[in-house]
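# Inside the fold
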Amino acid sequence: MEKYDILVVGGSTTGSWFARRMAEEGHKVLVIEKEKPDDVSRAYDIFHMTKKEMEQFGLEIPKEGDKEFGFFFDGSPMLSPFGNYPKKTVPNTIVGLHKHDYIMLMNDYAEKAGAKILYGAAFVDFIKEGNKIVGARYKTDEGEKDVYASLVADCTGIPAVARTKMPDSSTVENYKLTPEDIFYVVLYYAVYESEDVKPEELHASFLNYKAVWSAPSGNPHGAILGIGGNYSYAYSEEVFKDFRKNVPWPRYTVEKVEKGMTPYRRGIYSFVDDNFIALGDTACLTKPTCGEGCTSSLVQCTIAVKVIDELLKEGKELTKENMWCINKEYLRQQGIAFDSMRALLKGVVSTSYEEAEYMFKNDIIFSEKILGGGGEDLQISPADIAKIVSGMAIGVATGKIRPTTVKKIVKGLLQSGEITKLYEEYPETPAGYWDWKKKADELWEKVGPMSDICDPVILKRLGIK
Ligand SMILES: Cc1cc2nc3c(=O)[nH]c(=O)nc-3n(C[C@H](O)[C@H](O)[C@H](O)COP(=O)(O)OP(=O)(O)OC[C@H]3O[C@@H](n4cnc5c(N)ncnc54)[C@H](O)[C@@H]3O)c2cc1C
């Protein structure tokens, strides 16, 4: 009988990094990844992480010329819906990487640390003794096999193949993501028709289309023009057409289009149950402003490695009681900021393009101070709040901002505060979980999904709603 300390299901950024770190701590780790090596992480080519985050998590930074290397760039401003009022962001070196090659590099490091990786091995179901998870069944071209482990870690991203098989009585929610909870990302690899265009001068993000951005593609005369939205790729592409109508842009041809999905929903309330943990996109830990999740999941993995390593070294069981502190610490380090930001964003992004343009112009919420740091280390003083309030009052009095918009922004602010307060009261042990979950469910029911702010005209045109 094959027995491991840790069985990682899914060998992409989250699973690979968690497997490597657990193996570095001396534990016996197996990764099962459903794709064959050539097919791992092929949905899209280029992804980014900041240099600072890569250093924080000990991720190797490839050199120019290495096959994993895409480019370095220094970040870009946030722009108003019609492109007139750029707000500079804090300079931050960003590393562009070829995803498939970089994941395979990460997997090489995991194997060097001692983890075993089985490619072409898809999770089928848990193996249980009574109610206790003791391993998993997986399928390869040769048939089905069983593997035993003290912990099964679901790192399979959106399909969450193991998490969604947890019983309703589990402290790990077993919901499946719906199109309302998913960000459908479309990437247009553009090449500018005129050699005079300087793509680096155009790189920017446009928050008010939910998210539209221009970023390097690796081609000196090109860029990746990206868009993310709820419900479907067709919805995202329609919003991109609005952007193209509103913002003048040099002529380009599209060389290739890539599409992919990322969760766009609050994180699950508890990652752990007895002998089980959900990590990364499986647990919906993507950044609220852009849907990126490669490094935000490593914040959670770092906490999980520390706790699980200590428990295994002390010979303790990997029960939900023993691993509960992972939930609490994650919320403290990142979860509260992310999930309270979701409610706030719903309010802020409900502005019409014209209202947002006015607010960018007058530094009302859309100021360099608030947008510039991407939400990190944001300190809003009473003077800032007074400026926002007076700016909005003038906007309403002059007909530039609708009173209904102010109401939505205030609602977002208040709900953001309520989420912070409730999450700070997260239970110390699983015993308090169900009462806390009831309150959290009621609050999120009031907040509603991010898809509420999709454009009703486009939704109707596409027959979605
Ligand atoms: C177009 C696009 C661009 C993005 N750009 C960025 C970016 O620049 N920076 C950033 O930080 N984030 C970015 N993201 C988000 C990022 O891709 C995810 O947050 C990240 O990949 C999550 O990693 P993960 O390992 O948790 O899940 P995934 O990357 O989804 O990996 C899950 C793994 O599990 C495997 N698997 C699935 N089912 C099974 C099964 N039954 N058995 C075994 N294995 C299975 C899959 O094959 C896969 O390898 C982008 C997303 C999209 C769609």
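Residues numbered from 1 in each chain as written. Predicted model: local features only at pLDDT ≥ 70, side-chain atom pairs only at ≥ 80, totals over all residues.

### Quick notes on the environment of Leu-7
With respect to the element layout, Leu-7 can be found in strand β1 (residues 3-9). Overall, Leu-7 belongs to the buried group, with 28 C-beta atoms counted inside 10 Å. C-alpha separation for the pair Leu-7 and Glu-60, spaced 53 residues apart in sequence, amounts to 24 Å. Ignoring sequence-local partners within four residues, the contact set of Leu-7 consists of Leu-30, Gly-135, Ala-136, Val-147, Ala-149, Val-152 and Ala-153. (Helix = DSSP H or I, 4+ residues; strand = E, 2+ residues; numbered from the N terminus. Buried ≥ 20, exposed ≤ 12 C-beta atoms within 10 Å, placed from the backbone. Contact = placed C-beta atoms within 7 Å.)

### So, the site of the ligand
Around the ligand, the surrounding shell holds 37 residues, and the nearest of these are Gly-10, Gly-157, Gly-260, Gly-280 and Gly-293. At the level of elements, α1 (13-24), β2 (29-33), β3 (46-50), β7 (122-129), β10 (182-192) and β14 (252-263) are the ones that each hand at least two residues to the shell around the ligand. Residue composition of the shell around the ligand, grouped by class: 15 nonpolar, 17 polar and five charged. Built from parts of two domains, the shell around the ligand gets at least three residues from each of domain 1 (3-74 + 93-175 + 266-323) and domain 2 (180-263). (Near = placed C-beta within 6 Å. Nonpolar A, V, L, I, M, F, W, Y, C, P; charged D, E, K, R; others polar. Domains from an automatic or database assignment.)

### Some thoughts on the sheet that holds strand β12 (residues 211-215)
Here five strands make up an open sheet; going across it, the order is β11-β12-β13-β10-β14 and the pairing antiparallel. Looking at strand neighbours, the two that pair on one side only are β11 (204-206) and β14, the edges of this open sheet. With strand direction ignored, the average angle separating the axes of adjacent strands in the sheet is 15 degrees. Direction of pairing for β11 relative to β12: antiparallel, over a ladder of three bridges. Paired with Ala-204 across the strands is Ser-214, a residue of β12. (Pairing = 2+ DSSP bridges. Axes fitted to C-alpha atoms, helices over the stretch in contact; angles between N-to-C directions.)

### Re the packing of helix α8 (residues 325-348) against helix α12 (residues 403-424)
For the pair α8 and α12, interaxial distance at closest approach is 7 Å and the crossing angle is 160 degrees. Relative to α12, the element α8 is oriented roughly antiparallel. Crossing handedness for the pair α8 and α12: right-handed. Where α8 approaches α12, its residues Leu-331, Gly-335, Ile-336, Asp-339, Ser-340, Met-341, Ala-343, Leu-344, Lys-346, Gly-347 and Val-348 are matched on the opposing element by Lys-408, Ile-409, Lys-411, Gly-412, Leu-413, Gln-415, Ser-416, Ile-419, Thr-420, Tyr-423 and Glu-424. Within the contact of α8 with α12, the residues separate by chemical class into 10 nonpolar, seven polar and five charged. (Parallel < 35°, antiparallel > 145°, perpendicular 65-115°, else oblique. Left-handed = near helix turned anticlockwise from the far one by under 90°.)

### Concerning the domain arrangement of the protein
Assigned domains within the protein: domain 1 (3-74 + 93-175 + 266-323), domain 2 (180-263) and domain 3 (338-461). Distance between the C-alpha centres of domain 1 and domain 3: 32 Å. Facing the 10 residues of domain 1 at the interface are 13 residues of domain 3. Of the residues contributing to the side of domain 1 that touches domain 3, the split by class is two nonpolar, four polar and four charged.

### Quick look at unusual backbone geometry
Even without being a glycine, Ala-160 presents a positive backbone phi close to 40 degrees. One non-glycine residue, Cys-284, adopts positive backbone phi at about 60 degrees.

### Notes on helix α11 (residues 382-397)
Look at α11: 22 Å from first C-alpha to last across 16 residues, which is about the 22 Å you get at 1.5 Å a residue. Directly after α11, the chain includes Gly-399, whose backbone phi takes a positive value near 75 degrees. (Expected span 1.5 Å × (residues − 1).)

### So, the nonpolar core
Where a protein is soluble and globular, its nonpolar side chains tend to be buried together. One finds Leu-7, Phe-18 and Ala-153 to be the most contacted residues of the largest nonpolar core, which totals 65 residues. Other than its neighbours up to four places away in sequence, Ala-153 contacts Ile-6, Leu-7, Val-8, Val-9, Phe-18, Ile-277 and Leu-279. Of all hydrophobic cores here, the second largest spans 53 residues; its members include Val-186, Ala-215, Val-239 and Met-341. (Core = buried A, V, L, I, M, F, W, Y, C linked by C-beta atoms within 7 Å.)

### Observations regarding the sheet that holds strand β5 (residues 94-98)
The three strands are arranged β3-β5-β4 in an open sheet whose pairing can be described as antiparallel. Every other strand in the sheet has two partners, leaving β3 and β4 (69-73) as the edge strands with one partner each. Direction aside, neighbouring strands of the sheet carry axes that sit 25 degrees apart on average. Helix α3 (residues 99-112) rests against β3 and β5 of the sheet, and its axis sits at about 90 degrees to β5.

### Digging into the confidence of the model for the protein
With 98% of its residues at a pLDDT of at least 70, the protein reaches an overall mean of 95. When pLDDT is averaged over each helix and strand of the protein, the minimum, 82, is found for helix α10 (residues 368-372) and the maximum, 99, for strand β16 (residues 276-278). (pLDDT = per-residue confidence, 0-100.)

### Considerations on the packing of helix α6 (residues 296-313) against α8
Remark: α6 packs on α8, axes separated minimally by 10 Å, with the N-to-C direction vectors making an angle of 145 degrees. Crossing hand, α6 versus α8: right-handed. Two secondary-structure elements touch here, α6 through Ser-296, Val-299, Gln-300, Ile-303, Ala-304 and Val-307 and α8 through Cys-325, Ile-326, Glu-329, Tyr-330, Gln-333 and Gln-334.

### Remarks on the pairing of strand β9 (residues 143-154)
Strand direction decides the pairing type here: β1 and β9, joined by six bridges, are parallel. From the neighbouring strand, Ile-6 faces β9, where its bridge partner is Leu-151. Taken together, the six bridges between strand β8 (residues 132-140) and β9 define a ladder with antiparallel strand orientation. From the neighbouring strand, Ala-136 faces β9, where its bridge partner is Val-147. The loop that links β8 with its antiparallel partner β9 comprises two residues. Here three bridges tie β9 to β16, and the two strands are oriented parallel to one another. Note that in β16 the partner of Ala-153 across the bridge is Ile-277.

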